[in-house]
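Structural description and commentary
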Amino acid sequence: MDRLPLPPEGPPLPLPLEGITVVAVEQAVSAPFATRQLADLGARVIKVERVDGGDFARGYDTAARGLASHFVWCNRGKESIALDLKDPRGRDVVRRLVADADVFVQNLAQGAAARLGLDAATLCAAHPRLVAVDISGYGASGPYADKRAYDMLVQCEAGLVSVTGTPEQPVKAGIPAADIAAAMYAFSGVLAALVRRGTTGRGGPVEISMLEALAEWLGHPLHHTMHDGTPPARTGLAHAVIAPYDAYPTADGGRVLLSVQNDREWRRLAEQVLGRPELGDDPAYATNAARVAHRDRTDALVAKALGALDADEAMARLERAGIACARLRDLRELAGHPQLAARERWREVGTPVGTLRALLPPITLPGGNEARMGDVPALGEHTETLLRAVGMTDDEIATLRRDGVAA
């Protein structure tokens, strides 16, 4: 395969979203995670928060040295302004900010943005170049439009929980999968709309539904069920239609996962790891269909072989045999993962409690400036600066603060 040409030598390219301004009336994960992607790529992101505590994700926990881990994860590189949007003066400030913005993002409860005049359709009608994103649980129409939507609830409605877990127990994903799916489609939707604006001069609304985003991610089990008639079984760490593909204990208490993707790999596994070359052509194991049909026996053979080895030796043998494998790591081990360290993926970001470690975003742009990983803001940290930027006087700012409209 031909290699892509390297970027031309010279000064680093600017971040792709430098010069783009985003205003976000956001909370929890879906919108904040989307706008954090924009901030990392150079956009200026102005985060509008409630005066009474701000984004409620600020209070989810205190795990990050007193700050909420969700908030630290989703909100670096933003400017925080605290406003009461129930007061028309607070809404007026947002409209002034939007007048100079390129992108607006909101994920308020269904119908709330429209009541405030801050929905995508209203704002795009007033500002034709604006890209405005409405993120909701179930979309703006249909019988579920007004239904409250939180991540775990949407995971259930989308069927993710039905295919995750063990045969005995369905479980939710260990991450907010519905929120993250919606966030990433909002992020890509903004980028697509900005490209279109570059050719047409017009922005426009972008609609994202958590249910629809996660339903797209359920594509494999969904198509399997629709066309085959039966849903894939819940199989824990095993794969529903491939064997062997599971985690196996090792002699030192570790667990090693391996995946055999085709029958050639099975023959190598049988000969070089299991020490049973005859199994490569045994009709009970020679094809994936046969191995799945005899999954218990297949897994027992692999477990016996790996159970006699420690994790390092098991990994080494599998690697030599060309078998895809991995360790079952916990989150402490991820934080010290040798691959992330070797690729220098860790940075420090500023927060109200000092610097905290954070990963570089996974979009790498060789030849360009590194992602902008700005500080995590305190609530209302930039309120005064932004109020002055939209033309307010000292007296007007003092009145807003006195009346609790700004904080």
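In what follows, the structure referred to is the one given above.
The paragraphs below set out a description of the structure included in this document. (Residues numbered from 1 in each chain as written. Predicted model: local features only at pLDDT ≥ 70, side-chain atom pairs only at ≥ 80, totals over all residues. Heavy atoms only, no water.)

1. Topic: the packing of helix 7 (residues 177-200) against helix 8 (residues 210-217)
What describes two packed helices is the angle between their axes and the distance between those same axes. Across the interface, helix 7 lies against helix 8 with an axial gap of 8 Å and an inter-helix angle of 95 degrees. If you check the angle between helix 7 and helix 8, you find them roughly perpendicular. Within the contact between the two elements, helix 7 uses A177, A178, D179, I180, A181, A182 and Y185 and helix 8 uses M210, A213, L214, E216 and W217. (Axes fitted to C-alpha atoms, helices over the stretch in contact; angles between N-to-C directions. Helix = DSSP H or I, 4+ residues; strand = E, 2+ residues; numbered from the N terminus. Parallel < 35°, antiparallel > 145°, perpendicular 65-115°, else oblique. Contact = heavy atoms within 4.5 Å.)

2. A short note on the packing of aromatic side chains
Going through the model one piece at a time under the given rule, you end up with four aromatic pairs. The ring of Y144 has K147 lying over it, and the distance from NZ or CZ to the ring centre is 5.5 Å. (Phe/Tyr/Trp six-rings, centres within 6.5 Å; stacked < 30°, edge-to-face > 60°. Lys NZ or Arg CZ within 6 Å of the ring centre and 35° of its normal.)

3. Topic: a nonpolar patch on the surface
A cluster of nonpolar side chains, contributed by Y150, M152 and L153, occupies part of the molecular surface with about 300 Å² of accessible area. Mapped onto the elements, Y150 comes out in the loop between strand 5 (131-136) and helix 6 (151-157). (Patch = residues over 30% accessible without salt bridge, like charges linked within 9 Å, V, L, I, M, F, W, Y side chains within 5 Å. Areas by Shrake-Rupley, 256 points an atom, 1.4 Å probe, with all protein chains shown as cover. Salt bridge = Lys/Arg side-chain N within 4 Å of Asp/Glu carboxyl O.)

4. Considering the pattern of salt bridges
Scanning the entire structure with this criterion turns up 22 salt bridges. A salt bridge links D87 to R89, with the nearest nitrogen and oxygen atoms 3.0 Å apart. A relative accessible area of 17% means that D87 is categorised as buried. Here D394 and R388 are joined by a salt bridge, their closest N and O atoms 2.4 Å apart. A relative accessible area of 47% means that D394 is categorised as partly exposed. Given a relative accessible area of 41%, R388 falls into the partly exposed group. The network of salt bridges with shared partners includes E26, K47, D55 and K78. (Buried < 20%, exposed > 50% of the residue type's maximum accessible area, 1.4 Å probe, protein only.)

5. Looking at the nonpolar core
Counting residues in each nonpolar core, the largest one holds 41 residues, and the members touching the most others are V22, V103, V105, V133, I135 and L214. For this core, the secondary-structure elements that each account for two or more residues are strand 1 (21-25), helix 1 (30-40), strand 4 (103-106), strand 5, helix 7, strand 6 (204-209) and helix 8. At 11 residues, helix 7 tops the list of elements feeding residues into this core. With near-sequence residues (within four places) excluded, V103 lies in contact with I20, T21, V22, V23, L130, V131, V190 and L194. (Core = buried A, V, L, I, M, F, W, Y, C linked by side-chain atoms within 4.5 Å.)

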